[in-house]
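Structural overview for review
Listed here are the chains, written in short residue letters.
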Amino acid sequence: MESKGFAHWINSTLAQANTGCPEIENVTTDLSSGVILLYLSNVLTGNPNFKCDMTAAHRVKKMENASTAIQNFKKSGVKIHGVGAEDIVDCNEKMVMGMLWQLFCYFRINKIRFEHNAGGKTQLLSGEEALLRWCQEAVQKVEAIPITNFSTAWQDGKAFCAILASYFPNEFEWNQQVNETPSNRLNAAFNWAYSNLKVPPLIEIESFVNTTDINSKSVVLYVATLQGSIQARLDAKITSQQELEELERIRNLLDSEKASLQQELSLTSQVANQSAEERQKALERLQEIQRELEQTELEGKILSRRL
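Residues numbered from 1 in each chain as written. Predicted model: local features only at pLDDT ≥ 70, side-chain atom pairs only at ≥ 80, totals over all residues. Heavy atoms only, no water.

Looking only at helices and strands, one finds 12 helices and two strands in the chain. For the chain, the sequential pattern of α-helices and β-strands runs α-α-α-α-α-α-β-β-α-α-α-α-α-α. Across the 307 residues of the chain, 42% fall into the buried class. A separation threshold of at least 6 residues defines the contact pool for the chain, and within that pool the share at least 24 residues apart is 57%. Of the roughly 16800 Å² that the chain leaves accessible, carbon and sulfur atoms contribute 47%. (Helix = DSSP H or I, 4+ residues; strand = E, 2+ residues; numbered from the N terminus. Buried < 20%, exposed > 50% of the residue type's maximum accessible area, 1.4 Å probe, protein only. Contact = heavy atoms within 4.5 Å. Areas by Shrake-Rupley, 256 points an atom, 1.4 Å probe, with all protein chains shown as cover.)

In structure tokens:
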């Protein structure tokens, strides 16, 4: 399941940077040419406009790509131990997965920040600790679900459902999930997150419910992906609201100018020295204002649908 999660992270990261790279499915084999890894290294380390040959048909070129990518990561501060270019090119699954976990932690998990208020003091948390606190405070808005880890606390599906119900109470109904089985709750949460937040189901439900040895990395990977998608949707909503407010301001200005012009035309129609040219210009401006008002009305409707 981690492989699927890493593939989603890599695909979304490269897509957001408009690299034009094809999507990958199997991280072990699809990174073996070094090309995708090289693009990923340049995007994550601050060089998103980088371009390279997508073919890399020969082993020497693949080794060069993989080696350059690893060096890029190391220069940016990622501590990659025991992984060489040959591991990437030869599809060493264990080494590739280990490297991707290190990258995900450095570029995604460690970037998470959360302000926690306790005893009148604000504490800025980061990394996995921040992610756990984010989860804990989210579920408390719905039900007192104890989340103390990224393993057994998630096995019954309640935590996943509570997080969604906390942020989207009008879209994801908590009460419908309370008495469901763990499998049904997980299925409901994963399906909703995929349909509405584009977060793929990275956890195999039946094995997750029945296992006594939960892979916490898989849970962290999914929850971090979920948190990022939720935050992106909230940010988009804020942006849309701000744009809607700006449209309202422009509309008020146009309405005011329209009323002023109409009054001016009404008064000047009684004045003999009002030239036909001046009157025509005022009429044309009125028509222009009306078109702008109609356009702002249309844009406002589009933005309102996003909220």
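The contact between helix α8 (residues 158–167) and helix α9 (residues 182–197) brings their axes to 8 Å, and the two run at 40°. With respect to their mutual orientation, α8 and α9 come out oblique. Between α8 and α9 lies a crossing of left-handed hand. Along its contact with α8, which presents K158, F160, C161 and L164, the element α9 presents R185, L186, A189, F190, W192 and L197. Within the contact of α8 with α9, the residues separate by chemical class into eight nonpolar, no polar and two charged. (Axes fitted to C-alpha atoms, helices over the stretch in contact; angles between N-to-C directions. Parallel < 35°, antiparallel > 145°, perpendicular 65-115°, else oblique. Left-handed = near helix turned anticlockwise from the far one by under 90°. Nonpolar A, V, L, I, M, F, W, Y, C, P; charged D, E, K, R; others polar.)

Running from N to C, helix α1 (residues 2–16) and helix α6 (residues 93–107) point in directions that differ by 50°, and their axes come no closer than 11 Å. Taken together, the axes of α1 and α6 are oblique relative to one another. As α1 runs across α6, the sense of the crossing is left-handed. Residues E2, S3, F6, W9 and I10 of α1 form the contact with α6, whose participating residues are M97, L100, W101, L103, F104 and F107. Partitioning the contact of α1 with α6 into residue classes produces nine nonpolar, one polar and one charged.

Judged by nonpolar contacts, the single largest core of 83 residues is most densely connected at I10, W154 and F160. In terms of residues, this core owes the most to one element, α6, which gives nine residues. Sequence-distant contacts of F160, defined by excluding residues within four places in its chain, comprise W154, L186, A189, F190, I203, F208, Y222 and V223. (Core = buried A, V, L, I, M, F, W, Y, C linked by side-chain atoms within 4.5 Å.)

It is worth spelling out the environment of E171 at this point. Residue placement: E171 occurs in the loop between α8 and α9. Sequence separation of E171 and N196 is 25 residues, and the distance between their C-alpha atoms is 9.6 Å. Once residues within four sequence positions are removed from consideration, E171 is found in contact with W192, N196 and R233. In terms of polar contacts, E171 uses its side chain to reach the side chain of R233, at 2.6 Å. (Polar contact = N/O pair within 3.5 Å; in protein donor to acceptor, adjacent residues only side chain to side chain.)

Two descriptors summarise a pair of aromatic rings, namely the distance from one centre to the other and the angle between the planes of the rings. Evaluated as defined, the whole model comprises 13 aromatic pairs. Ring geometry for W9 against F104: centres 5.3 Å apart, planes inclined by 90°, an arrangement best described as edge-to-face. Placement of the pair is W9 in helix α1 and F104 in helix α6, with a sequence separation of 95 residues. Owing to a relative accessible area of 1%, F104 belongs among the buried residues under this scheme. With a centroid separation of 5.6 Å and 80° between ring planes, the pair formed by F160 and Y222 is classed as edge-to-face. Of the two residues, F160 is situated in helix α8 and Y222 in helix α11 (residues 216–268); the sequence distance between them amounts to 62 residues. Take F160 and Y222: they sit in the same class, and that class is buried. Put simply, the rings of F150, W154, F160, F190 and Y222 pair up and form one aromatic cluster. (Phe/Tyr/Trp six-rings, centres within 6.5 Å; stacked < 30°, edge-to-face > 60°.)

Attention shifts here to unusual backbone geometry. In the Ramachandran plot, C91 falls in the positive-phi region, its phi being about 60° despite a non-glycine side chain. As for its position among the elements, C91 is in the loop between α5 (85–89) and α6. The phi dihedral of K198 falls on the positive side, at around 60°, and the residue is not glycine. Along the chain, K198 turns up in the loop between α9 and α10 (205–210). The class of K198 is exposed, set by a relative accessible area of 57%.

The next thing to look at is the side chain of S33. Looking at where S33 falls in the secondary structure, it is placed in the loop between α2 (27–30) and α3 (35–44). Once you skip the residues sitting within four places of it in the chain, S33 turns out to touch A56, K62 and N65.

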